[in-house]
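Close look at the chain arrangement
Listed below, chain by chain, are the residues.
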There are 2 protein chains.
Amino acid sequence: MTKIVIVGGVAGGASAAARARRLSEEAEIIILERGNFVSFANCGLPYHIGGEIQERSKLLLQTPDSFLARFNVDVRVMNEVTHIDKTAKTVTVKRLTDGSEYTENYDFLLLSPGAAPVVPPIPGLDNPLTHTLRNIPDMDKIIQTIQMNKPEHATVVGGGFIGLEMAEAFHRLGIPTTLLEMADQVMTPTDREMAGFAHAEIRHKGIDLRLKTALSAAEFIPNMTVASEDAGQSDQHQHLEGKLNLTLSSGDLLTTDILIMAIGVRPETRLVTEAGLETGPLGGIQVNPSMQTSDPSIYAVGDAIEDADFVTGQPTLVPLAGPANRQGRMAADNMLGRNETYQGTQGTAICKIFDLAIASTGKNEKQLRRDGTVYEKVFVHTASHAGYYPGAEIVSFKLLFDPQSGQIFGAQAAGKDGIDKRIDVIAVAQRAGMTVAQLQHLELTYAPPYGSAKDVINQAAFVATNIMKGDATPIHFDEIDHLSDNQLLLDVRNPGELENVGYIEGAVNIPVDELRQRMHELPKDKEIIIYCQVGLRGNVAYRQLVNHGYKARNLIGGYRTYCFAKA
Amino acid sequence: MTKIVIVGGVAGGASAAARARRLSEEAEIIILERGNFVSFANCGLPYHIGGEIQERSKLLLQTPDSFLARFNVDVRVMNEVTHIDKTAKTVTVKRLTDGSEYTENYDFLLLSPGAAPVVPPIPGLDNPLTHTLRNIPDMDKIIQTIQMNKPEHATVVGGGFIGLEMAEAFHRLGIPTTLLEMADQVMTPTDREMAGFAHAEIRHKGIDLRLKTALSAAEFIPNMTVASEDAGQSDQHQHLEGKLNLTLSSGDLLTTDILIMAIGVRPETRLVTEAGLETGPLGGIQVNPSMQTSDPSIYAVGDAIEDADFVTGQPTLVPLAGPANRQGRMAADNMLGRNETYQGTQGTAICKIFDLAIASTGKNEKQLRRDGTVYEKVFVHTASHAGYYPGAEIVSFKLLFDPQSGQIFGAQAAGKDGIDKRIDVIAVAQRAGMTVAQLQHLELTYAPPYGSAKDVINQAAFVATNIMKGDATPIHFDEIDHLSDNQLLLDVRNPGELENVGYIEGAVNIPVDELRQRMHELPKDKEIIIYCQVGLRGNVAYRQLVNHGYKARNLIGGYRTYCFAKA
């Protein structure tokens, strides 16, 4: 009889337990969870705080009782593993209810400890108004602070998933919110110019977004009003109340009523380090493709491990639910004699930011540049479905690829509709090893309410393939502000658009539909830098000019990409 | 200078003209279109009739003037090609405005004539209340009939895309509607049990859907009221008014005020047959992967041609906008010296049916059975996004695959959210040659508003792979009504569900969470046929039983598939 002990009962651990039981009725399966909850919906926490998910109970997907009834798994909450003895194949477990300890032996140990919020050593953070958000008790404390203190201002530090979701939650509750981000962009899986769409949306909703701004110090100013026990106020109530004076890296001061620290997470590896299991260069638990650690009886999955990056094969930390769940299932397979191998992580991710979705898969440009990879990129901005059918929204899409082989490196998208779909298409194509040339042939669902006869993805592939074949010579948004005297900027939109939407200083305006007649106005000894709103008419103009012997380049993604890169 | 003459100015023809011009400024490009419109949104016609697309002008994507200005293409509407002389490389063109004729020579001829609605030889159809819907004038006539006659009842014959969209259009206008379909299902690209979701939705909205019912005869009963010219009524008005008495194959009679014939389309091949170009076994124009007909100077694209089926390589007729557009672009490439090859058609399609979307890609089960292909299938019914986040809808998904190799044959989906996305994922995976085992590893966008940590697709892949590995023994919905005495039907849902949702007659009920305790109640000498609501708990029960030495099978897709197969 195989005995499997699982440390951590959320995504990866819970998946492993359920799968292990389906494979074997005889196995003894124990989940040791130091928290009070197993298998809760950690991705849903911010939405319950904001009130979108109204019932707290919806976040509790399984209980120890339900796990026992369905899967005959012995779930022990408030049981913390404090030590692993890999030679004896035992773990030391501390009952958090009474502090007593016991030893549990195992045939296989599965570590699914997750990752903990990083709280930097900023002075003054240890106060009752400062929170992180990882689990149900964290969520409960934040809700309690909101309900008791009725904050009039909230501050969120960090523009990642949790930071963005928490800023939106406060906004939904009617609490004016400041979002601080040390980098020059939120949502770092995307590149700066794509994050611009998020910045515009966040500011449009009234969030006080401050980029390149860190928190330097916090000071807790308790509210001096003495709690009135007659009025039913408790001591605890009194202690919670107060304000925070924040000092920012900009030198600005900010007074706030609640502070969320959401700058990122770090793998929980204390146990494994102590046990002498190997960790990787990024500080996560090292595993092989079977999810096995350096001790063959010990497996590890989820946010605590280093995955292999799908594109580069290099170690990467990807604290996301999808990989964790699939890894858990796979670890169970392998502990019970199967031979499943993990196929690498693309890091496919999406975040809802008010009405906007922003998503990515594969490598971004920052990473490619850092790795010294030769790449090309295209941007398209195309309707989420047929423009003539109501409700179409612009999908702003970026595709990164190898200009020689056409290999897909990654993609990013932002918009109000159909973002998940487009990134999913690329996530599949990339995993399947398709090239951008093959993306031209994709045959995606089309009816006016759902897509276009030439979908966003087909169009991006056409542009990419044009570049690869030399049918298009691109120029990118970040080069436009640095043109030389040998270049002439040509805006081929209609004059009305320049007036309504804006234009780039110094551009000559000849609408594309007048270009054949007015081409002679353009110099042949200069390189014509063409732009339009999104790049499509620019390409038509480009083809006319080069077919008439001009030197030209077309701004990929057009004025729209240029503008949002600055947002 | 290359001279390209294009016959037909909608999807394929218009795409070809624009692409040809981008490749060459010198080419002479002429579009000959016998209708009054080019490049109109034919997929949008039903939505304008129903009022969802309010402005007719939105359907007119390009005009001859706009084509000339942007692409320097000579667009001649109301010019019908009546004859092709492939030896002389000329076409005879008739000006429909005055009946005069002229000859136009070409270097390359591109045929994009489309497909015409099939109107069967049913007696009495030639009357002013009977319509087909292919183009703008057809749409205008239908709208005119509705506006002038104010029909109190409409009948649509044919449950394909146009028939379904027209039934919805009439419903939106408040006109009680009967939908007749000769087959036992609408939306034939899907299989019968998936079409059940459409049937339920159509009937739920109050459409009088009659399956296995054909139209046998129609009789036009003109309204005898004499038009009052004093009241501004015209002669034409008088002629339009009246009723239709329909005789159905069921023997039933039906009186209706407007009749739409939408049973399908047939390639327009009169020109090519006459010119001696080859047609294929299905009656479409035969082309090679370069889109070339049997005459190397003549190309053909779109609804009129026979495509190569992506899965089987066999000829197929796929009258859809996506392939037409891409083929047009490709034909232009090849006429101008490129070497692009068409990669086959999967027939990816989607239809909005009121609040439901139903979609498919690749082969369906009917086709696989007809071809004698060995296949297996799975059904899953899973939330479109995390169930705990508001707005999740059930995605009902069917995957067809080779049980030996795992090759993806096709997929179908129905539901109110995320249907296009799931079929797109499979369309990409199938085109890339992925197996169902590889689908397990897909890393799709996940955040609670958009998906699940284990997406519908991952789950379907898990079920399929379980079957392939022998970890699951499936039984399908169509076998449940024919169980033998050696089989015992076991419902593992909770008693409340049986009461609320219904159950299959003769089933024993043991909830999955009680199964371990009550397993002894089940006979070991019979095969236990397990079912639950969607198949997931059934699998848990199945694994328990077989791991305890029982013979068992699990109903794939559960009670939900079983029920909707009868809808």
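Residues numbered from 1 in each chain as written. Chains lettered and ligands numbered in written order. Predicted model: local features only at pLDDT ≥ 70, side-chain atom pairs only at ≥ 80, totals over all residues. Heavy atoms only, no water.

With 86 residues of chain B at the contact, the number on the chain A side is 86 residues. Note on chain B versus chain A: buried area summed over both sides is about 7,500 Å², and carbon and sulfur give 55% of it. Along the contact surface separating chain B from chain A lie 14 salt bridges. Of the charged contacts in the structure, one is a salt bridge between Lys-421 of chain B and Asp-420 of chain A, with a shortest N-O distance of 2.8 Å. Inspection of the region where chain B meets chain A yields 36 residue pairs in polar contact (both at pLDDT 80 or more). Counting residues per element, the ones that place at least two in the side of chain B that touches chain A are helix 1 (11-23), helix 3 (64-71), helix 9 (321-335), strand 22 (349-353), strand 23 (356-362), helix 11 (419-431), helix 13 (456-468) and helix 16 (536-547) of chain B. (Contact = heavy atoms within 4.5 Å. Buried area = accessible area lost by both parts, 1.4 Å probe. Salt bridge = Lys/Arg side-chain N within 4 Å of Asp/Glu carboxyl O. Polar contact = N/O pair within 3.5 Å; in protein donor to acceptor, adjacent residues only side chain to side chain. Helix = DSSP H or I, 4+ residues; strand = E, 2+ residues; numbered from the N terminus.)

Residue and element names in this part refer to chain B. If you walk across this open sheet you meet the 3 strands as 13-14-15, and the pairing is antiparallel. The sheet terminates laterally at strand 13 (215-222) and strand 15 (253-256), the two strands that pair on one side only. Between one strand and the next, the sheet's axes are offset by a mean angle of 20°, whatever the strand orientation. Looking at chain direction, strand 13 and strand 14 (residues 242-248) are connected through 7 bridges and run antiparallel. Residue pairing across strands places Leu-215 opposite Leu-248, the latter belonging to strand 14. (Pairing = 2+ DSSP bridges. Axes fitted to C-alpha atoms, helices over the stretch in contact; angles between N-to-C directions.)

Take helix 16 (residues 536-547) of chain A next. Residues that lie three or four places apart on an α-helix share one face, since the helix turns once every 3.6 residues. All names here are of chain A. The terminal C-alpha atoms of helix 16, which comprises 12 residues, lie 17 Å apart, in line with the 16 Å expected from a rise of 1.5 Å per residue. Most of helix 16 is tucked away, with 9 of its 12 residues classed as buried. Among all positions of helix 16, only Arg-537, Gly-538, Asn-539, Val-540, Ala-541, Tyr-542, Arg-543, Gln-544 and Leu-545 are buried. Looking one or two residues past helix 16, Gly-549 carries a phi angle of roughly 90°, positive in sign. (Expected span 1.5 Å × (residues − 1). Buried < 20%, exposed > 50% of the residue type's maximum accessible area, 1.4 Å probe, protein only.)

The next point concerns the side chain of Glu-443 of chain B. Looking at the element boundaries, Glu-443 of chain B is found in the loop between helix 12 (436-439) and helix 13. When its relative accessible area of 2% is taken as the criterion, Glu-443 of chain B is described as buried. Reaching out from Glu-443 of chain B, the side chain makes a polar contact with the backbone nitrogen of Gly-347 of chain A at a distance of 2.6 Å. Here Glu-443 of chain B is in contact with Pro-323, Arg-326, Gly-344, Thr-345, Gln-346, Gly-347, Thr-348, Ala-427 and Arg-431 of chain A, once residues within four sequence places are set aside.

Turning our eyes to something else, we now look at the pairing of strand 5 (residues 90-95) of chain A. Residue and element names in this part refer to chain A. With 6 bridges connecting them, strand 4 (residues 79-85) and strand 5 associate as antiparallel partners. Within strand 5, the residue paired with Val-81 across the bridge is Val-93. The hairpin turn running from strand 4 into strand 5, its antiparallel successor, is 4 residues long, and Lys-89 in that turn takes a positive phi close to 55°. Relative to strand 6 (residues 101-105), strand 5 is paired through 5 bridges, and the arrangement is antiparallel. Its bridge partner lying in strand 6, Val-93 is registered against Tyr-102.

With that settled, the discussion passes to the relation of the copies chain B and chain A. Structural alignment of chain B on chain A gives an RMSD of 0.0 Å, achieved by rotating through 180° and translating 0.0 Å along the axis. The two molecules are tied by a two-fold rotation axis, judged by turn and shift. In terms of C-alpha distance to the rotation axis, chain B has Lys-421 of chain B as its closest residue, with the C-alpha 2.5 Å off the axis. Take the interface residues of chain B: 100% of them recur as interface residues in chain A, which is what a same-surface contact looks like. (Least-squares fit on C-alpha atoms with pLDDT ≥ 70 in both.)

Residues and elements named next belong to chain A. Tracing the chain through its elements places Ala-169 in helix 5 (residues 161-172). Taking relative accessible area as the criterion, Ala-169 reaches 3% and is therefore assigned buried. Residues within four places of Ala-169 in sequence aside, it is in contact with Pro-46, Ile-49 and Gly-50.

The next subject is the nonpolar core. Ranked by internal contacts, the top residues of the largest apolar core, which has 184 residues, are Phe-397, Leu-399 and Leu-439 of chain A together with Phe-397, Leu-399 and Leu-439 of chain B. With near-sequence residues (within four places) excluded, Leu-399 of chain A lies in contact with Glu-376, Lys-377, Val-378, Ile-408, Gly-410, Ala-411, Ile-426, Val-436, Leu-439 and Ala-460 of chain A. Ile-4, Ala-16 and Ile-285 of chain A together with Ala-541 of chain B belong to the second largest nonpolar core, which has 64 residues in total. (Core = buried A, V, L, I, M, F, W, Y, C linked by side-chain atoms within 4.5 Å.)

To continue, consider the UniProt feature "domain: Rhodanese" (unreviewed entry) in chain A. This chain's UniProt record puts "domain: Rhodanese" (unreviewed entry) on residues 483-564 of chain A. Annotated as residues 483-564 of chain A, this span is 37% helix and 21% strand, and its ends, taken at the C-alpha atoms, are 19 Å apart. (UniProt positions renumbered as here; feature names shortened; annotations may be inferred.)

Right, let's talk about the packing of aromatic side chains for a bit. Scanning all chains against the criterion turns up 14 aromatic pairs over all chains. Measuring from centroid to centroid gives 6.0 Å for Phe-108 of chain B and Tyr-299 of chain B, while their planes differ by 70°, and the two rings are edge-to-face. One end of the pair, Phe-108 of chain B, is in strand 7 (residues 108-111); the other, Tyr-299 of chain B, is in strand 19 (residues 298-300), and 191 residues separate them in sequence. Judged by its relative accessible area of 4%, Tyr-299 of chain B is buried. Ring pairs connect the aromatic residues Tyr-531, Tyr-559 and Tyr-562 of chain A, which therefore count as one cluster. It is Lys-524 of chain B that lies over the ring of Tyr-550 of chain B; its NZ or CZ is 4.9 Å from the centre. (Phe/Tyr/Trp six-rings, centres within 6.5 Å; stacked < 30°, edge-to-face > 60°. Lys NZ or Arg CZ within 6 Å of the ring centre and 35° of its normal.)

Below, the discussion takes up the domain arrangement of chain A. All names here are of chain A. As assigned here, chain A comprises domain 1 (3-116 + 265-335), domain 2 (130-261), domain 3 (355-468) and domain 4 (474-564). Computed over C-alpha atoms, the centres of domain 1 and domain 2 are 30 Å apart. Each partner contributes to the interface: domain 1 provides 21 residues, whereas domain 2 provides 17 residues. Buried surface at the junction of domain 1 and domain 2, summed over both partners, amounts to about 1,500 Å²; 68% is from carbon and sulfur atoms. Taken as a group, Leu-45, Pro-46 and Ile-49 account for 39% of the area that domain 1 buries against domain 2, more than any other trio of residues on that side. (Domains from an automatic or database assignment.)

In this section: helix 1 of chain B. All names here are of chain B. An ideal rise of 1.5 Å per residue puts 18 Å on 13 residues; helix 1 measures up with 19 Å between its terminal C-alpha atoms. Within helix 1, 12 of the 13 residues are buried, which leaves the element mostly enclosed by the surrounding structure. Regarding helix 1, the residues found buried are Gly-12, Gly-13, Ala-14, Ser-15, Ala-16, Ala-17, Ala-18, Arg-19, Ala-20, Arg-21, Arg-22 and Leu-23.

Residue and element names in this part refer to chain A. Its place among the elements puts Asp-74 in strand 3 (residues 74-77). Spatially, the C-alpha atoms of Asp-74 and Pro-64 are 7.4 Å apart, while their sequence positions differ by 10 residues. Excluding residues that lie within four positions of it along the chain, Asp-74 makes contacts with Ile-29, Ile-30 and Ile-31. Here the side chain of Asp-74 touches Arg-76 through a polar contact of 2.8 Å, side chain to side chain.

Residue and element names in this part refer to chain B. Spatially, the 5 strands line up as an open sheet ordered 3-2-1-7-19, and their pairing is parallel. Sheet topology places strand 3 (74-77) and strand 19 at the edges, where each strand pairs with a single neighbour. When strand polarity is set aside, the average angle formed by the axes of neighbouring strands in this sheet is 15°. Note that strand 2 (residues 28-33) and strand 3 share 4 bridges and pair parallel. Its bridge partner being in strand 3, Leu-32 is matched across the sheet by Arg-76. In this fold helix 1 packs onto strand 1 (3-7), strand 2 and strand 7, with an angle of close to 170° to the strand it touches most, strand 2.

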